[in-house]
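Chain by chain, the residues run as shown.
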Amino acid sequence: QKEVEQDPGPLSVPEGAIVSLNCTYSNSAFQYFMWYRQYSRKGPELLMYTYSSGNKEDGRFTAQVDKSSKYISLFIRDSQPSDSATYLCAMRSNAGGTSYGKLTFGQGTILTVHP
Amino acid sequence: DVKVTQSSRYLVKRTGEKVFLECVQDMDHENMFWYRQDPGLGLRLIYFSYDVKMKEKGDIPEGYSVSREKKERFSLILESASTNQTSMYLCASMRLADSYEQYFGPGTRLTVT
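First, a word on what this report is: a plain description of the structure on this page. (Residues numbered from 1 in each chain as written. Chains lettered and ligands numbered in written order. Predicted model: local features only at pLDDT ≥ 70, side-chain atom pairs only at ≥ 80, totals over all residues. Heavy atoms only, no water.)

### Observations regarding the overall build of chain A
In step 1: When helices and strands are tallied, chain A shows 0 helices and 11 strands.
In step 2: Secondary structure elements of chain A, listed N to C terminal, follow the sequence β-β-β-β-β-β-β-β-β-β-β.
In step 3: For 115 residues, the compact-globule estimate of 2.2 N^0.38 gives 13 Å, and the C-alpha radius of gyration of chain A, at 14 Å, lies within 12% of that figure.
In step 4: Seen along its three principal axes, the alpha-carbon backbone of chain A occupies a region of about 45 × 30 × 25 Å.
In step 5: For chain A, with 115 residues in total, the buried portion stands at 44%.
In step 6: Look at the contacts in chain A between residues 6 or more apart in sequence, and 57% of them connect residues 24 or more apart. (Helix = DSSP H or I, 4+ residues; strand = E, 2+ residues; numbered from the N terminus. Rg over C-alpha atoms; globule rule 2.2 N^0.38 Å. Buried < 20%, exposed > 50% of the residue type's maximum accessible area, 1.4 Å probe, protein only. Contact = heavy atoms within 4.5 Å.)

Below you can see the structure in the form of structure tokens.
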């Protein structure tokens, strides 16, 4: 079983819809939870970052972490065609030493928002 | 502005060839990473480096090696390319103090025929 599971989609929604993207994980040591966005023919870029449990909001984007269920979500409100991209969840533990900074990524969800 | 560059966007090589993929970052970051990205499998870590001349195996190091002779440069080497190494290769760098944000290059699409 993979440490991080993410539904690869693809997901296709109309403009203005609320989008929910999710990941589950098995490693209880994960403390940092990230969402990266990857446009076509580009490298991923950090979208949002959350430490431990809770919610974080940034404009139309909300990240939620439920450590008791080992489940994280990214919500996109009022989705736009420019949100069309692959969204990857990523996680890391507090482990130090040479593994510091090593991220574990989900498979990525392909999202298309059509006008 | 943060920048990670990779030597080629597209590369076609023959089976058995030795392949070098180069990555350069201009941010003085301590950590650098090599991933491959395949549909349905996401990003898988091949190797990473936390300092010059230091390296650690990732999740799928078989068939690959790396070199980091200077802080800004991290090379991925395919000793004898095989068709199952056809993939998108992504390089990333990270500042140690911001251990959640990796900066990625645009990727190299490698095809081995």
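### What to know about the overall build of chain B
In step 1: When helices and strands are counted, chain B shows 0 helices and 11 strands.
In step 2: Overall, chain B shows an N-to-C arrangement of helices and strands of β-β-β-β-β-β-β-β-β-β-β.
In step 3: Taking 13 Å as the expected radius of gyration for a compact globule of 113 residues, we find that chain B reaches 13 Å, a close match to that expectation.
In step 4: Projected onto its principal axes, the C-alpha positions of chain B cover 40 × 30 × 25 Å.
In step 5: In chain B, which comprises 113 residues, the proportion classed as buried is 50%.
In step 6: A separation of at least 24 residues holds for 55% of the contacts in chain B among residues at least 6 apart in sequence.
In step 7: When the accessible surface of chain B is summed, it comes to about 5,400 Å², and 48% of that surface belongs to carbon and sulfur atoms.
In step 8: Each charge class in chain B was averaged separately, 16 positive and 16 negative side chains, and the resulting centres sit 6 Å apart. (Areas by Shrake-Rupley, 256 points an atom, 1.4 Å probe, with all protein chains shown as cover. Lys, Arg positive; Asp, Glu negative; His and termini not counted. Charge placed at Lys NZ, Arg CZ, Asp CG, Glu CD.)

### Notes on the interface of chain A and chain B
In step 1: At the junction of the two partners, chain A supplies 21 residues and chain B supplies 25 residues.
In step 2: Of the roughly 1,900 Å² buried between chain A and chain B, counting both surfaces, carbon and sulfur atoms make up 58%.
In step 3: In this assembly, chain A and chain B are joined by 1 salt bridge.
In step 4: In this structure, B:Asp59 engages A:Lys102 in a salt bridge whose closest nitrogen and oxygen atoms are separated by 3.7 Å.
In step 5: Looking at the side of chain A that touches chain B, the elements with two or more residues in it are β4 (30-38), β5 (45-51) and β9 (85-93) of chain A. (Buried area = accessible area lost by both parts, 1.4 Å probe. Salt bridge = Lys/Arg side-chain N within 4 Å of Asp/Glu carboxyl O.)

### Concerning unusual backbone geometry
Residue and element names in this part refer to chain A.
In step 1: One non-glycine residue, lysine 70, adopts positive backbone phi at about 55 degrees.
In step 2: Within the fold, lysine 70 resides in the loop between β7 (61-66) and β8 (71-76).
In step 3: Phi angles above zero are rare outside glycine, and aspartate 78 is one such case at about 45 degrees.
In step 4: On the basis of relative accessibility, which here comes to 43%, the residue aspartate 78 falls in the partly exposed class.

### Brief notes about the sheet that holds strand β3 (residues 19-25) of chain B
Sheet strands pair via backbone hydrogen bonds, and the direction of the pair is either parallel or antiparallel.
Residues and elements named next belong to chain B.
In step 1: Read from one edge to the other, the open sheet built from 4 strands follows the order β1-β3-β8-β7, with strand pairing classed as antiparallel. Looking at the sheet topology across the chains shown, the edges are occupied by β1 (4-6) and β7 (64-70). Here the strands of the sheet are splayed against their neighbours by 20 degrees on average, with no regard to which way each runs.
In step 2: With 6 bridges joining them, β3 and strand β8 (residues 73-78) adopt antiparallel strand pairing. By the bridge assignment, cysteine 23 is partnered in β8 with phenylalanine 74. (Pairing = 2+ DSSP bridges. Axes fitted to C-alpha atoms, helices over the stretch in contact; angles between N-to-C directions.)

### As for the pattern of salt bridges
Residues and elements named next belong to chain B.
In step 1: In the structure shown here, the tally under the stated rule is 9 salt bridges over all chains.
In step 2: Of the charged contacts, one joins aspartate 28 and lysine 71 as a salt bridge, the two residues approaching to 3.1 Å between their closest N and O atoms. Taken as a pair, aspartate 28 in the loop between β3 and β4 (31-38) and lysine 71 in the loop between β7 and β8 lie far apart in primary sequence, 43 residues in all.
In step 3: For aspartate 28, a relative accessible area of 53% gives the class exposed.
In step 4: When the shortest N-O distance is used, the salt bridge between aspartate 38 and arginine 44 registers 2.9 Å.
In step 5: Taking relative accessible area as the criterion, arginine 44 reaches 24% and is therefore assigned partly exposed.
In step 6: Through salt bridges that share partners, Arg36, Asp38 and Arg44 make up one connected network.

Any link to function would need more than the numbers given here.
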